[in-house]
Amino acid sequence: MVSPILQVKSLTKAYETTYGELLVVDNINFSVMPGEFVCIVGPSGSGKTTLLQMLGGLLTPTEGAVLLAGQPLVAPPQEISMVFQKPNLMPWRTVLDNVTLPLQIQGVPRQEANEKGQRILQLVGLSEFAQAHPRELSGGMEQRVAVARALVQQPRILLLDEPFGALDALTRERLNREILHLWRTQKLTAIMVTHNIHEAVLLADRVLVLSPRPAVIAADFQIDLPRPRPQGIEYRESFGALAYQIRQAIRE
Amino acid sequence: MQQTIKIAPSQQVHPLEHRPGVQKRRWRKNRLELIALPAGIVLLISLWALIAKVGDYPTFILPDPLSVFNKLVEITFDGTLWHHTQTTLVEIVGGLALGLSTATILGYLLAKSPLLERLTGPYIVASQSVPAVAIAPLLVIWFGSGQISKILICALVVFFPILVNTIVGIRSVDKGLKTLMRSLQANRWQTFIMLEVPAAMPVLLGGLKIGVTLSVIGAVVGEFVGADRGLGYLISLSKGLFNTPMMFAALIALAAISLSLYLIVTGLERWLLAWRQ
Ligand SMILES: Nc1ncnc2c1ncn2[C@@H]1O[C@H](COP(=O)(O)OP(=O)(O)OP(=O)(O)O)[C@@H](O)[C@H]1O
Ligand SMILES: [Mg+2]
């Protein structure tokens, strides 16, 4: 029996604000198995980013804990990488230097870091732009660099916070396929926040629906669609039925 | 369907630097700058010669370029000019270094600690209500008419603009990048070197540009107040002697210092901020 890679135990977060305490995440429990692709959907402002930041060790829970392979998280661990809503690239660094930033912070020798960086850039189809600066890239390319940077330290878990939300539908579709490909080939566990129900059904093994703030898990859908997802699966009846169920579960 | 998405050859775009047209354009721009500066100087001198000739003023009012040039050659070869230029240069650079280092260190601490800023802010702002050059006589009384008092005046003059720019620069560091550094477990030093310094660099260099000019003013004012050497001293000496050509020679030396310092900062900017061009 495989044990979960990530366990969320009575996770609660309340922000101290000028207008009092704001309960954002209320006693959430779930676990994620290794290799699972989980999507989190929920209304705007429900606490998805807050939840994801706690999963990544970026935010300390008010109560409860996140266990990574059984150990409670206290700081961002190397096994977990984050892709943010914005690309968050350093404009003064070249694409390659942006991608190798995590390795430089870990003190990996320059040459080794660059070799790894080049390999990852090839994976996301940006080898040609290794020496370009972020201002020379399109929005989709920037977000690809951010994905490459997240993968360069070979994490076991990839957290994505609406990574392609700002992109046009076509680019978004293409990048989703790339993420799916990387998830499969790199044997990742992925947890992705999204607003897009179609995207969630297309990508995930499981979709968690959050309630409006304070967030609790309102529903947990298993997505039993074939893998790899065949072309045109979005137009199948079973796909539409799942999407409709999820839509019904989201209260706003 | 699940292969890495490859970019078709027709869609491939070469990074900007590698495109031949861009380099040619950049070079043409540089060449223009190289020609524009000497051409401007020649034009200015011709105009000056014309006015001096047409007006036929006495030399102590407006000397013609040739007599200034002769004076310049004379005091260059007898060592006078270098003696004074060197003095002023040391004051300018010393004051700049002192003001720059204290202002950036204090600015960084203030930017990082709102408490410290609230405690010291009122004093810093109040101290600015007195122009730094107005304190020059006091500093000359306290530290004598040597170079120390001038260095302090320069440092004082450049301090505030650089302080403000440092605070603005460090405060404006992108929040997303800070979160990123945290998620990558960067320590304080790494965050400082890899994020804060490069992010604040454009604003810091802007402060330095202002500081360089102010430092020249500080040194000259300090020497006017009381000194026995330096270009500012040479100017007030020339005034006493009605030796206007010498005054012009000193002014030219000052302009040369200002221009060189400005060009150094611009070069620094070009080198450090190459990613913005
Ligand atoms: N640092 C903070 N301090 C105080 N309140 C915060 C903070 N961050 C978020 N909140 C509040 O917590 C709630 C949830 O925010 P969160 O960003 O987690 O929502 P979200 O589900 O990611 O929303 P969206 O879908 O719009 O991105 C919001 O009401 C927000 O105002
Ligand atoms: Mg969010």
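Residues numbered from 1 in each chain as written. Chains lettered and ligands numbered in written order. Predicted model: local features only at pLDDT ≥ 70, side-chain atom pairs only at ≥ 80, totals over all residues. Heavy atoms only, no water.

Colleague: Is there a simple way to explain the overall build of chain B in this structure?
Modeller: Counting secondary structure elements, chain B contains ten helices and zero strands. Reading chain B from its N end, one meets helices and strands in the order α-α-α-α-α-α-α-α-α-α. Taking all 277 residues of chain B together, the buried fraction comes to 37%. Taking the contacts inside chain B whose residues are at least 6 apart along the sequence as the reference set, 72% of them involve residues at least 24 apart. Accessible surface computed for chain B: about 16100 Å², of which carbon and sulfur atoms make up 70%. (Helix = DSSP H or I, 4+ residues; strand = E, 2+ residues; numbered from the N terminus. Buried < 20%, exposed > 50% of the residue type's maximum accessible area, 1.4 Å probe, protein only. Contact = heavy atoms within 4.5 Å. Areas by Shrake-Rupley, 256 points an atom, 1.4 Å probe, with all protein chains shown as cover.)

Colleague: Could you clarify how one ought to interpret the overall build of chain A in this entry?
Modeller: When helices and strands are counted, chain A shows eight helices and ten strands. Relative to the globule expectation of 18 Å for 252 residues, the C-alpha radius of gyration of chain A, 18 Å, shows essentially globular dimensions. Referenced to the eigenvectors of the C-alpha coordinate spread, the extents of chain A come out at roughly 45 × 45 × 45 Å. Averaging the positions of the 24 positive and the 24 negative side-chain charges in chain A gives two centres separated by 3 Å. (Rg over C-alpha atoms; globule rule 2.2 N^0.38 Å. Lys, Arg positive; Asp, Glu negative; His and termini not counted. Charge placed at Lys NZ, Arg CZ, Asp CG, Glu CD.)

Colleague: Hey, could you run me through the nonpolar core in this one?
Modeller: One recurring pattern in soluble globular proteins is that nonpolar side chains are buried together. In this structure, Leu 6, Leu 55 and Ile 191 of chain A are the most contacted members of the largest nonpolar core, which totals 79 residues. Broken down by element, the residue count for this core peaks at ten residues, all from helix α8 (residues 188-225) of chain B. Listed in part, the 57 residues of the second largest apolar core include Val 147, Ala 148, Val 207 and Ile 233 of chain A. (Core = buried A, V, L, I, M, F, W, Y, C linked by side-chain atoms within 4.5 Å.)

Colleague: Quick question: what am I supposed to make of the sheet that holds strand β1 (residues 6-17) of chain A here?
Modeller: Hydrogen bonding along the main chain pairs the strands of a sheet, whether they run parallel or antiparallel. Residue and element names in this part refer to chain A. Taken in spatial order, the four strands line up as β2-β1-β4-β5 in an open sheet, and their pairing is antiparallel. Edge positions in the sheet fall to β2 (20-32) and β5 (71-72), since each of these pairs with one other strand and no more. As paired strands, β1 and strand β4 (residues 63-68) are joined by five bridges and run antiparallel to one another. Paired with Thr 12 across the strands is Glu 63, a residue of β4. Running over the sheet, helix α1 (residues 48-55) touches β1, β2 and β4 and is turned about 125° from β1. (Pairing = 2+ DSSP bridges. Axes fitted to C-alpha atoms, helices over the stretch in contact; angles between N-to-C directions.)

Colleague: Before we go on, may I ask you to explain the site of ligand 1 in this structure?
Modeller: All names here are of chain A. Close contacts around ligand 1 come from 14 residues, with Ser 44, Gly 45, Lys 48, Thr 49 and Thr 50 the closest. Thr 50 places a side-chain nitrogen or oxygen 2.5 Å from an oxygen atom of ligand 1. The side chain of His 195 places a nitrogen or oxygen atom 3.2 Å from an oxygen atom of ligand 1. The protein chains hide 64% of the 630 Å² of surface that ligand 1 would expose on its own. (Near = heavy atom within 4 Å. Polar contact = N/O pair within 3.5 Å; in protein donor to acceptor, adjacent residues only side chain to side chain.)

Colleague: Looking at this structure, I do not really get the layout of surface pockets. What am I missing?
Modeller: Vacant regions in the atomic arrangement are exposed by a probe of water-molecule size rolled over the atoms. Residue and element names in this part refer to chain B. Reported here for the largest pocket is a volume of approximately 430 Å³. Lining the largest pocket are 13 residues, with Ile 41, Leu 44, Ile 45, Trp 48 and Ile 252 sitting closest to its centre. Elements that contribute at least two residues to the lining of the largest pocket include exactly α1 (20-55), α2 (65-77) and α10 (244-272). Residue contributions to the lining of the largest pocket peak at five residues, all from α1. Taken together, the residues that form the lining of the largest pocket break down as 13 nonpolar, no polar and no charged. Residue contributions to the lining of the largest pocket reach at least three from each of two domains, namely domain 1 (27-56) and domain 2 (65-276). (1 Å grid on protein atoms, 1.4 Å probe; cavity = no way out; pocket = protein on both sides within 12 Å on 5 of 7 lines; lining within 4 Å. Points joined across faces, edges and corners; volume = space filled by probe spheres on them. Nonpolar A, V, L, I, M, F, W, Y, C, P; charged D, E, K, R; others polar. Domains from an automatic or database assignment.)

Colleague: What is the right way to look at unusual backbone geometry in this model?
Modeller: Negative phi is the rule for most residues except glycine; trans is the rule for most peptide bonds. All names here are of chain A. Following Arg 213, the chain continues to Pro 214 via a peptide bond in cis, the omega torsion being -5°. On the secondary structure map, Pro 214 appears in the loop between β9 (206-210) and β10 (217-222). The omega torsion of the bond from Arg 227 to Pro 228 falls at -10°, within 30 degrees of zero and hence cis. Within the element layout of this structure, Pro 228 appears in the loop between β10 and α8 (237-249).

Colleague: Looking at this model, I keep getting lost on the domain arrangement of chain B. Mind explaining?
Modeller: The extent of an interface is frequently quoted as the accessible surface area lost upon association of the parts. All names here are of chain B. The domains assigned to chain B are domain 1 (27-56) and domain 2 (65-276). Each of domain 1 and domain 2 was reduced to a C-alpha centroid, and the two centroids are 28 Å apart. On the domain 2 side, the residues contacting the five residues of domain 1 number four residues. Both sides of the domain 1 and domain 2 interface together cover about 440 Å² of buried area, and 78% of this is carbon and sulfur. When the area that domain 1 buries against domain 2 is broken down by residue, the three leading residues are Glu 33, Leu 37 and Trp 48, summing to 73%. Counting across the domain 1 and domain 2 interface gives zero salt bridges. Linking domain 1 to domain 2 there are zero residue pairs in polar contact (both at pLDDT 80 or more). In terms of residue class, the side of domain 1 that touches domain 2 is built from three nonpolar, one polar and one charged. (Buried area = accessible area lost by both parts, 1.4 Å probe. Salt bridge = Lys/Arg side-chain N within 4 Å of Asp/Glu carboxyl O.)

Colleague: How should I be thinking about α1 of chain A in this particular structure?
Modeller: With seven of its eight residues buried, α1 of chain A lies for the most part within the structure. Residues of α1 of chain A that are buried: Lys 48, Thr 50, Leu 51, Leu 52, Gln 53, Met 54 and Leu 55 of chain A.

Colleague: Looking at this structure, I do not really get the side chain of Thr 191 of chain B. What am I missing?
Modeller: All names here are of chain B. Relative to the helices and strands, Thr 191 resides in helix α8. On the basis of relative accessible area, Thr 191 is assigned to the buried category, the value being 17%. Setting aside anything within four residues of it in sequence, one finds Thr 191 in contact with Met 181, Ala 186 and Glu 196.

Colleague: Just to check I follow, could you spell out the pairing of β1 of chain A for this structure?
Modeller: The side chains of a regular strand alternate, first on one face of the sheet and then on the other. Residues and elements named next belong to chain A. When β1 meets β2, the two strands line up antiparallel, connected through nine bridges. Bridge assignment links Val 8 to a residue of β2, and that residue is Phe 30. With antiparallel pairing between neighbouring strands as the criterion, β1 and β2 make up a hairpin whose turn holds two residues.

Colleague: Hey, could you run me through the packing of aromatic side chains in this one?
Modeller: Here the distance between the centres and the angle between the planes together describe a pair of aromatic rings. All names here are of chain B. The final tally for this structure, using the stated rule, is six aromatic pairs over all chains. Between Phe 60 and Phe 242 the ring centres are 5.8 Å apart and the planes differ by 85°, which places this aromatic pair in the edge-to-face class. Pair noted here: Phe 60 is in the loop between α1 and α2 and Phe 242 is in the loop between α9 (231-241) and α10, with a separation of 182 residues, a long-range link. On the accessibility criterion, Phe 242 (58% relative accessible area) is exposed. Taken together, Tyr 108, Trp 189 and Phe 192 form an aromatic cluster joined through their ring pairs. (Phe/Tyr/Trp six-rings, centres within 6.5 Å; stacked < 30°, edge-to-face > 60°.)

Colleague: Please clarify how empty space enclosed by the protein should be interpreted in this entry.
Modeller: Per the counting criterion, the structure on display carries four cavities of 30 Å³ or more. There is about 60 Å³ of room inside the largest cavity. Lining the largest cavity, in full, are Ile 80, Ser 81, Met 82, Arg 149, Ala 150 and Gln 153 of chain A together with Leu 180, Ser 183 and Leu 184 of chain B. When contributions to the lining of the largest cavity are tallied by element, the ones reaching two or more residues are β6 (80-83) and α5 (139-151) of chain A together with α7 (175-183) of chain B.

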